[in-house]
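In case you want the letters, here they are:
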Amino acid sequence: MAAPTKVAALGAERVFDGRALHTDTGLLLREGHVAARFALSDPPPGVAVERVDGMLCPGFVDLQVNGGGGLLLNNDPSAEGVRSIARAHRALGTTSLLPTLVSPGRALLERAGRGVAEAIDGQEAQALSVLGLHVEGPHLSPARPGAHDPAAIRPLEPRDEALLCSLSAGSTLVTLAPEQVEPAQIETLCRAGLCVFAGHSEAAAEVVSRARAVGLRGFTHLYNAMSPLAGRAPGIVGAALSDPDAFAGIIADGAHVDWTSFRVAFAALGPSRLFLVSDAMPPVGAPAARPFDLGGPPIATRGEGDARHCVLPDGTLAGSCLSMAAAVRNAWRHAGVGLEAALQMATSTPARALGRDAEVGVLDAGARADLVLLDDALAVRGVWVGGARVD
Ligand SMILES: [Zn+2]
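Residues numbered from 1 in each chain as written. Predicted model: local features only at pLDDT ≥ 70, side-chain atom pairs only at ≥ 80, totals over all residues. Heavy atoms only, no water.

## Topic: the pairing of strand E11 (residues 171-176)
Among the six residues in E11, six count as buried, and that is most of the element. Every second residue of E11 is oriented toward a common face, with Ser171, Leu173 and Thr175 on one face and Thr172, Val174 and Leu176 on the other, all of them buried. After leaving strand E10 (residues 132-136), the chain enters helix H3 (residues 158-166) and then returns to the sheet as E11, a path that is right-handed. One ladder, built from four bridges, connects E11 with strand E12 (residues 195-198); its direction is parallel. Residue Val174 lies in a different strand from E12, and its bridge partner there is Val196. (Buried < 20%, exposed > 50% of the residue type's maximum accessible area, 1.4 Å probe, protein only. Helix = DSSP H or I, 4+ residues; strand = E, 2+ residues; numbered from the N terminus. Right-handed = clockwise from strand over helix to strand, strands pointing away. Pairing = 2+ DSSP bridges.)

## A short note on the sheet that holds strand E19 (residues 317-320)
The strand order across the open sheet formed by four strands is E16-E17-E18-E19, and the pairing between neighbours is antiparallel. Only two strands of the sheet have a single partner each, and these edge strands are strand E16 (292-293) and E19. In terms of strand pairing, strand E17 (residues 298-302) meets strand E18 (residues 309-311) through three bridges, oriented antiparallel. Residue pairing in the sheet places Thr301 in a bridge with Cys310 of E18.

## Comments concerning the packing of H3 against helix H4 (residues 183-191)
Their axes nearest at 9 Å, the elements H3 and H4 cross at an angle of 20°. By the angle class used here, H3 and H4 are roughly parallel. Regarding H3 and H4, the two cross each other, and that crossing is right-handed. For the pair H3 and H4, contact is made by Glu161, Leu164 and Cys165 and by Gln185, Thr188 and Leu189, respectively. (Axes fitted to C-alpha atoms, helices over the stretch in contact; angles between N-to-C directions. Parallel < 35°, antiparallel > 145°, perpendicular 65-115°, else oblique. Left-handed = near helix turned anticlockwise from the far one by under 90°. Contact = heavy atoms within 4.5 Å.)

## Re the domain arrangement of the protein
According to the domain assignment, the protein consists of domain 1 (7-57 + 371-389) and domain 2 (59-353). Between the C-alpha centres of domain 1 and domain 2 there is a distance of 29 Å. Counting residues at the interface gives 19 residues for domain 1 and 20 residues for domain 2. On the domain 1 side of the interface with domain 2, the three residues burying the most area are Phe16, Leu378 and Val385, jointly 36% of the side's total. Along the contact surface separating domain 1 from domain 2 lie zero salt bridges. Taken together, the connections running from domain 1 to domain 2 amount to five residue pairs in polar contact (both at pLDDT 80 or more). The set of elements that each furnish at least two residues to the side of domain 1 that touches domain 2 consists of strand E1 (7-16), strand E5 (55-58), strand E20 (371-374) and strand E21 (380-385). In terms of residue count, E21 provides more of the side of domain 1 that touches domain 2 than any other element does, four residues in total. Across the side of domain 1 that touches domain 2, the residue classes tally to 15 nonpolar, one polar and three charged. (Domains from an automatic or database assignment. Buried area = accessible area lost by both parts, 1.4 Å probe. Salt bridge = Lys/Arg side-chain N within 4 Å of Asp/Glu carboxyl O. Polar contact = N/O pair within 3.5 Å; in protein donor to acceptor, adjacent residues only side chain to side chain. Nonpolar A, V, L, I, M, F, W, Y, C, P; charged D, E, K, R; others polar.)

## A word on helix H5 (residues 205-213)
Turning to H5, its buried residues number three or more, namely Ala205, Val208 and Ala211. End-on, the buried residues of H5 take up no more than an arc of 120°, which puts them together on one face. Looking at the buried residues of H5, the elements they touch are H4, strand E13 (218-219) and helix H6 (235-242). Positive phi appears at Gly215, one or two residues downstream of H5, with a value of about 125°. (Arc of directions from axis to C-beta.)

## Regarding the pattern of salt bridges
Inspection of every chain in the model, using the stated rule, returns 19 salt bridges. Between Glu202 and Arg144 there is a salt bridge, with its nearest N and O atoms 2.5 Å apart. Placement of the pair is Glu202 in the loop between E12 and H5 and Arg144 in the loop between E10 and H3, with a sequence separation of 58 residues. Overall, Glu202 belongs to the partly exposed group, its relative accessible area being 38%. The partner of Asp391 in a salt bridge is Arg389, with the nearest N and O atoms 2.9 Å apart.

## Describing the coordination of the zinc ion
Surrounding the zinc ion are the protein donor atoms Glu136 (OE), His200 (NE2) and His221 (NE2), at 2.0 to 2.1 Å. As a motif over one chain, the donors of the zinc ion read E-x63-H-x20-H. Within this pair, whereas Glu136 is found in strand E10, its partner His221 is found in the loop between E13 and H6, the two being separated by 85 residues in sequence. The burial state of Glu136 is the same as that of His221; both residues are buried. (Donors = N, O, S within 2.8 Å, 3.2 Å for Na, K, Ca; no water.)

## A few points about the sheet that holds E12
Within the open sheet, the eight strands sit side by side as E6-E9-E10-E11-E12-E13-E14-E15. Their pairing is parallel. Every interior strand has two partners, whereas the edge strands, strand E6 (60-65) and strand E15 (274-277), have only one.

## Here we look at helix H1 (residues 79-90)
Since one α-helical turn is 3.6 residues long, residues separated by three or four positions face the same way. In a regular helix each residue adds 1.5 Å, so 12 residues correspond to 16 Å; H1 covers 16 Å between its end C-alpha atoms and thus fits that length. In terms of burial, H1 is a largely internal element, nine of the 12 residues being buried. Within H1, the full set of buried residues consists of Ala79, Gly81, Val82, Arg83, Ile85, Ala86, Ala88, His89 and Arg90. Summarising the contacts, the buried residues of H1 are in contact with E6, strand E7 (67-68), strand E8 (71-72), strand E9 (94-102), helix H2 (106-120) and E21. (Expected span 1.5 Å × (residues − 1).)

## Focus on the packing of H2 against H3
Contact pair H2 / H3: the axes reach a minimum separation of 11 Å and the direction vectors enclose 10°. Here H3 runs roughly parallel to H2, going by the angle between their axes. Where H2 approaches H3, its residues Arg106, Leu109 and Glu110 are matched on the opposing element by Arg159, Asp160, Leu163 and Leu164. Its residues assigned to classes, the contact of H2 with H3 comprises three nonpolar, no polar and four charged.

## Section: unusual backbone geometry
Residue Pro138 is bonded to the preceding Gly137 through a cis peptide linkage, with omega at 10°. A positive phi angle is found at Glu31, which is not glycine, with a value near 50°. One can find Glu31 in the loop between strand E2 (21-30) and strand E3 (33-39). Positive phi values are uncommon outside glycine, yet His221 reaches one of about 30°. For His221, a relative accessible area of 5% corresponds to the buried category.

This is how it looks when you write it as structure tokens:
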């Protein structure tokens, strides 16, 4: 006899499917996945529908998570470190994430590659969803280090290329400065299945355009640590804003990007290509914020609530204290972004940027039943992973 199939159903007044809001809608869940959506007035026979109060959305998808729960991935790249960071963000509504290394040396990259692979292996049992690894640097512009240790920034050598191409657990996103590498190197990384974004870069628009032709897929934390848009020098910002297809992540804490600039980016790219990232640091989801560092001076937090962010002693921005829910609230409240668009930028768009939108960031049939329940103020009221409530 076949094992019984686990079936459950959730219903809410509002359900956001990754692109659009539906009212009085139910989700039929089977074996940890979405089996179908249905009208609450016409539920499937024989299935008890659990009604929840609020808006059900796909769990948030965050492609840039340096740390959380008091941990920094650079300092604890073990499987347990990765899991702890993922758990801290899960409690805040992010059910899929890319733990992010800040300009790692080769040994650290290898260790993190193993840690992430081990964390991904059997993660369903832990109700976690680590999508892979984001390697931000060290092949960056020395002129645009941001909070990265300038001493760690270096060229992309063949053995770096080989190491990056060997990372096989989930998806790998690499942020590099296109002017610091050869187009053929970008092409090699893309052909190996890596997702390559430009960031911490001074690239001229022509350089970006050559990189785009060989597979560059998007831009990391738009506006921050990149050459700005000027009338006769469009820079990397101009290249990003004028691109008809590329994706761009953006940090919506009000400190990294002024809301007027945020509106410009949203007007240019729209919610299907501009996506929210937390760029989260250890204080996110940690009971008490303690100073930490990236191998240099101590990093402290500044600001309150959804505007809290991290800075070096000289005021250089060093990541944020955002959760994705806070980023969505900020885009909605401060940048005039509509509710559906703000949610899309935290769910289906980052999933699509990574090519994982059949699995996460959407509530289509076949997607994982990873859900977040939000109230009217967009505060997180419940989290499900693989159809099981985890909060
Ligand atoms: Zn950065």
